[in-house]
Amino acid sequence: MGNNMIDFVIAVDDPPTWHTMNLMQNRKHYSLLRFLGPKQVIKYGVISTDTLIEDLLHWKTLYVSGRLHKPVKILVQNENGKLRAALVSNLKSAVTAAFLMLPESFSEEDLFVQIAGLSYAGDFRMVIGEDKSKVLNIVKANLPHFQMLYSNILQDCPQVVYKQHQGKLEIDKSPEGQFVQLMGLPRTLQQQITRIVDPPGKNRDVEEMLLQVAQDPDCGLVVQQGISAIVKSSSITQSAKGILTAGLLKTVSYSMKKLQKMWKGSRRKSH
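Trainee: Explanation requested: the nonpolar core in the structure shown.
Mentor: Most often, soluble globular proteins keep nonpolar side chains buried together rather than apart. Formed by 47 residues in total, the largest nonpolar core has its most connected members in Phe99, Leu111, Tyr150, Leu182, Ile193 and Ile227. At 8 residues, helix 4 (residues 81–101) tops the list of elements feeding residues into this core. Those residues in contact with Leu111 that sit more than four places away from it in its chain are Ala98, Phe99, Leu102, Phe106, Leu154 and Leu169. Counting 7 residues, the second-largest nonpolar core is a separate cluster that includes Ile47, Leu52, Leu56 and Ala86.

Trainee: How do you make sense of the packing of helix 8 (residues 175–183) against helix 10 (residues 206–214) when you look at a structure like this?
Mentor: Two numbers describe a pair of packed helices, the interaxial angle and the distance between the axes. Look at helix 8 against helix 10: their axes get within 8 Å of each other, and the N-to-C directions meet at 135°. With respect to helix 10, the element helix 8 is oriented oblique. For the element pair helix 8 and helix 10, the recorded crossing hand is right-handed. For the pair helix 8 and helix 10, contact is made by Pro175, Gln178, Phe179, Leu182 and Met183 and by Glu207, Leu210, Leu211, Val213 and Ala214, respectively. In the contact of helix 8 with helix 10, the residues fall into 8 nonpolar, 1 polar and 1 charged.

Trainee: Where do I start with the sheet that holds strand 4 (residues 160–163) in this structure?
Mentor: Either a parallel or an antiparallel arrangement is found when strands of a sheet pair, and the pairing is made through backbone hydrogen bonds. The strand order 3-5-4 describes an open sheet built from 3 strands, whose pairing is antiparallel. Each edge of the open sheet carries a strand with a single partner, namely strand 3 (105–107) and strand 4. Adjacent strand axes in the sheet meet at a mean angle of 20° when their direction is disregarded. As paired strands, strand 3 and strand 5 (residues 168–171) are joined by 3 bridges and run antiparallel to one another. Counted as the bridge partner of Phe106 is Leu169 from strand 5. Seen against the sheet, helix 5 (residues 108–116) touches strand 3, strand 4 and strand 5 and runs at an angle of roughly 85° to strand 3.

Trainee: I keep staring at a negative patch on the surface and nothing clicks. Help me out?
Mentor: Judged by side-chain charge, Asp13, Asp14, Asp50 and Glu54 come together as a negatively charged surface patch. With respect to the helices and strands, Asp14 occurs in the loop between strand 1 (10–12) and helix 1 (15–25).

Trainee: Please clarify how a nonpolar patch on the surface should be interpreted in this entry.
Mentor: Where nonpolar side chains cluster on the molecular surface, the patch consists of Phe8, Leu75 and Val76 and spans about 370 Å² of accessible area. Here Leu75 shows up in the loop between helix 3 (64–67) and helix 4.

Trainee: Which parts of the structure should I look at to understand the pairing of strand 4?
Mentor: Of the two faces of strand 4, only the one carrying Val160 and Tyr162 is buried; Val161 and Lys163 on the other face are not. One ladder, built from 4 bridges, connects strand 4 with strand 5; its direction is antiparallel. When the bridges of strand 5 are listed, Val160 appears paired with Ile171. The hairpin formed by strand 4 and strand 5 contains 4 residues between the paired strands, and Gly167 there has a positive phi angle of roughly 70°.

Trainee: Hey, could you run me through helix 7 (residues 143–156) in this one?
Mentor: For an α-helix the count is 3.6 residues per turn, leaving residues at separations of three or four pointing the same way. The first and last C-alpha atoms of helix 7 sit 20 Å apart over 14 residues, in line with the 20 Å expected at 1.5 Å per residue. The largest bend along helix 7 measures about 50° and falls at Tyr150. Of all the residues in helix 7, the buried ones are Phe146, Tyr150, Ser151, Ile153 and Leu154. Taken together, the buried residues of helix 7 touch helix 4, helix 5, helix 6 (134–141), strand 4 and strand 5.

Conventions adopted
- Residues numbered from 1 in each chain as written.
- Predicted model: local features only at pLDDT ≥ 70, side-chain atom pairs only at ≥ 80, totals over all residues.
- Heavy atoms only, no water.
- Core = buried A, V, L, I, M, F, W, Y, C linked by side-chain atoms within 4.5 Å.
- Buried < 20%, exposed > 50% of the residue type's maximum accessible area, 1.4 Å probe, protein only.
- Helix = DSSP H or I, 4+ residues; strand = E, 2+ residues; numbered from the N terminus.
- Contact = heavy atoms within 4.5 Å.
- Axes fitted to C-alpha atoms, helices over the stretch in contact; angles between N-to-C directions.
- Parallel < 35°, antiparallel > 145°, perpendicular 65-115°, else oblique.
- Left-handed = near helix turned anticlockwise from the far one by under 90°.
- Nonpolar A, V, L, I, M, F, W, Y, C, P; charged D, E, K, R; others polar.
- Pairing = 2+ DSSP bridges.
- Patch = residues over 30% accessible without salt bridge, like charges linked within 9 Å, V, L, I, M, F, W, Y side chains within 5 Å.
- Areas by Shrake-Rupley, 256 points an atom, 1.4 Å probe, with all protein chains shown as cover.
- Salt bridge = Lys/Arg side-chain N within 4 Å of Asp/Glu carboxyl O.
- Lys, Arg positive; Asp, Glu negative; His and termini not counted.
- Charge placed at Lys NZ, Arg CZ, Asp CG, Glu CD.
- Expected span 1.5 Å × (residues − 1).
- Bend = angle between axes of the 7 residues up to and from the residue.

Here's what the structure looks like:
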């Protein structure tokens, strides 16, 4: 595994109680925020089950749902039917959003790069602090896992011709086809798209606005702008929380390592 970092996301029904117990067992894992009590602490990527389901279904922040667009290892999962359905819905939404930003014909790798990049669109850390080839590297290193994750969804999707043995796909880019895809997007993304194209004071119906976007040659660009708006806000909030929860010294050290990795990546490209 080398020096790669492993991220853990823990979904719990009652985060304050979880943190109260964890503070007693692993007090050193927390920064000075531990003195403010368990309701003020976010660590280990802990999230309430309800908040996780909401983000998976509606992409309110795309922070956790975006991470789950990529292959992950689920260590333990209870029999929460709503959560299982939301996980599948999140993957379908990622495919739909990617379709809208891709041309009529493309490869599996093109699709997975588009999907893996959704949660990085608009993230200021991709400008300063991340290797610019990060998304492509993620896909190339995990291509079989991406194929396993999305194979059933692509085979069952009526909007795509999936030539699995060739690794090629074709989608309907007609206004009608794009309207169907836009209507299938998560609610928050639909709202962001509406804000982008709806002049102030008009307050037109969301369905009416999406029909207009479906006929726009720049439909994919509008979708990308909507996703970037969600991620930008989320990335700023999460970075601020990271400083508070991990502590300033750990955050600076982590950021310096990111910058070194970005610099090495840019040097490899230049040679």
